[in-house]
Structure formats: C-alpha cells, structure tokens
Amino acid sequence: MRKLVIACVLCLRGMFATGAEERSFLMGLTPMNFDDSAAGTQRMTQALAKNAEVVAVYLDWGVPWPEAFEDRPFHENVRREIAAVRQRISPQHQVFLALNAGAFNRRDMAGYWGEKTQMSRPGKWADKGLDDPEVIVAFGNYCERMIAEFRPSFLCYAIEINM
C-alpha cells in the first residue's frame, strides 16, 4: 500500500509541475481553441507557454493528393489552415507533427484536402488505395512538405492506422 501511495504522489507531482525542470518528461499539448474567440486564443497561448514544451499538431483533414503528387501549390484554403496552425506555435516549443493517409473513420483512405477538408478524392484519386504507387509518392511528398513547414522534433505519419 505504501508503494502505491508513493507512486500516486510521484505521478501527481509530475502532472502539476509547470516546467520540464520540475518533471522527468516533456509535456505536449494540442493548440486547440475550442470557443474560437480572442479570449480563448489568449488562454490557450498562456496554457501552452506555462505548461508545455511540445505542441502536438494533428493534420487529420485529408491530403491534397494531386497537388502533392505533382508538386503543385496547395489550395489557398490549405495554405491558410497551415499558416493558422503555425501561428499557434511559439519558437520555445518543439513540434510533434501527426499526418495521416487514412480517413478520420480509420477504415478508408483519407479524403481530399482542398477548398474544404475531407472532400471526395478527385478524378483518378477516387478509387486508389494506400498501396497504389502514386498514393505512396503523393503522401511521401506531402509529408516532406509538412516537415519543411513545421520543422517537427517528432513525426507521426499514421494516426491510429488499423486498416
């Protein structure tokens, strides 16, 4: 029983520590502003600055398949979303970047990220599977471009993949 109490105290101490110097691990948080207000953004920014060494960025909105494959510029909406996410990351933070070729339902291939997120894949991309050589090239190109954008310390290239 004494060991259990000591373990709980150590875990709680780590949970409420306010910096890496006080805990034995890096704390990572996702920069989400759930109420989408200026006050919410300020609260989020303050919480990240006070409590996190790592910012977790999940780009689970689809993949700009044809643009990534052909090395063309992404749709303006994609560029705008990337810029918005980048603004939430301060230089003091390391980045954990998670990208996904799988759909949000974790069963299908990711949709198309263009004017909107998770749109139907266009043209020849509609019927492709993850084992298609062009899909592999497109996703690899997309990953390389996102790595160049975010300069992550950590990369996850498959979120909850179980297909």
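Residues numbered from 1 in each chain as written. Predicted model: local features only at pLDDT ≥ 70, side-chain atom pairs only at ≥ 80, totals over all residues. Heavy atoms only, no water.

Trainee: Teacher, can you tell me more about the pattern of salt bridges here?
Mentor: Opposite charge on two side chains allows them to pair when their charged atoms are near. A full pass over the atoms with the stated rule returns nine salt bridges. We note a salt bridge from Arg79 to Glu76, for which the minimum N-O separation is 2.6 Å. Within this pair, Arg79 and its partner Glu76 are both found in helix 4 (residues 76–87), separated by three residues, close to a single helical turn. Residue Arg79 is classed as partly exposed on the basis of its relative accessible area, which comes to 38%. Among the ionic pairs, Lys128 bridges to Glu134, the shortest N-O distance being 3.1 Å. (Salt bridge = Lys/Arg side-chain N within 4 Å of Asp/Glu carboxyl O. Helix = DSSP H or I, 4+ residues; strand = E, 2+ residues; numbered from the N terminus. Buried < 20%, exposed > 50% of the residue type's maximum accessible area, 1.4 Å probe, protein only.)

Trainee: I'm lost on the sheet that holds strand 4 (residues 154–156) in this one. Help?
Mentor: Sheet strands line up and pair through hydrogen bonds in the backbone, either parallel or antiparallel. Taken in spatial order, the four strands of this open sheet run 1-2-3-4, and their pairing is parallel. On the outer flanks of this sheet lie strand 1 (28–29) and strand 4, each paired with one strand and no other. Where strand 1 lies against strand 2 (residues 54–59), two bridges are found, and the strand directions are parallel. In the strand pairing of strand 2, Gly28 is matched with Val54. (Pairing = 2+ DSSP bridges.)

Trainee: Help me understand the confidence of the model for the chain in this model?
Mentor: Any region with low pLDDT has predicted coordinates that should not be read closely. Confidence in the prediction of the chain, expressed as mean pLDDT, is 86, and 86% of residues score 70 or more. Low confidence marks residues 3–14, where pLDDT is under 50. Its contacts with residues over four positions away, or in another chain, come to three contacts. (pLDDT = per-residue confidence, 0-100. Contact = heavy atoms within 4.5 Å.)

Trainee: Mind showing me how you'd approach helix 5 (residues 133–150) here?
Mentor: Given 3.6 residues per turn, any residue in an α-helix points the same way as the ones three and four places further on. With 18 residues, helix 5 should cover 26 Å at 1.5 Å per step; its first-to-last C-alpha distance of 26 Å lies within 8% of that length. Looking at the packing, one finds that the buried side of helix 5 touches strand 2, helix 3 (65–70), helix 4 and strand 3 (94–99). For helix 5, the capping residue at the N-terminal end is Asp132, with a side-chain oxygen 2.7 Å from the backbone nitrogen of Glu134. One or two residues past the end of helix 5 sits Arg151, with phi positive at roughly 45°. (Expected span 1.5 Å × (residues − 1). Polar contact = N/O pair within 3.5 Å; in protein donor to acceptor, adjacent residues only side chain to side chain.)

Trainee: Could you clarify how one ought to interpret the packing of aromatic side chains in this entry?
Mentor: Any pair of aromatic rings gets described here by the distance separating the centres and the angle formed by the planes. According to the stated counting rule, one finds seven aromatic pairs in the structure shown. Taking 5.9 Å as the distance between ring centres and 50° as the angle between the ring planes, the aromatic pair formed by Tyr58 and Phe96 counts as tilted. On the criterion of sequence distance, the pair formed by Tyr58 in strand 2 and Phe96 in strand 3 is long-range, its members being 38 residues apart. A residue is classified by how much of its surface remains accessible, and Phe96, at 24% relative accessible area, is partly exposed. Taking the centre distance of 6.3 Å and the plane angle of 55° together, the rings of Phe74 and Tyr142 count as tilted. Residue Phe74 is located in the loop between helix 3 and helix 4, and its partner Tyr142 is located in helix 5; the two are separated by 68 residues in the primary sequence. Each of the two residues, Phe74 as well as Tyr142, counts as buried. An aromatic cluster is defined as three or more aromatic residues linked by ring pairs; in this entry it consists of Trp65, Phe69, Phe74, Trp125, Phe139 and Tyr142. If you follow Lys128 out to its NZ or CZ, it ends over the ring of Trp125, 5.5 Å from the centre. Arg145 extends its terminal NZ or CZ atom over the ring of Phe74, reaching a point 3.7 Å from the ring centre. (Phe/Tyr/Trp six-rings, centres within 6.5 Å; stacked < 30°, edge-to-face > 60°. Lys NZ or Arg CZ within 6 Å of the ring centre and 35° of its normal.)

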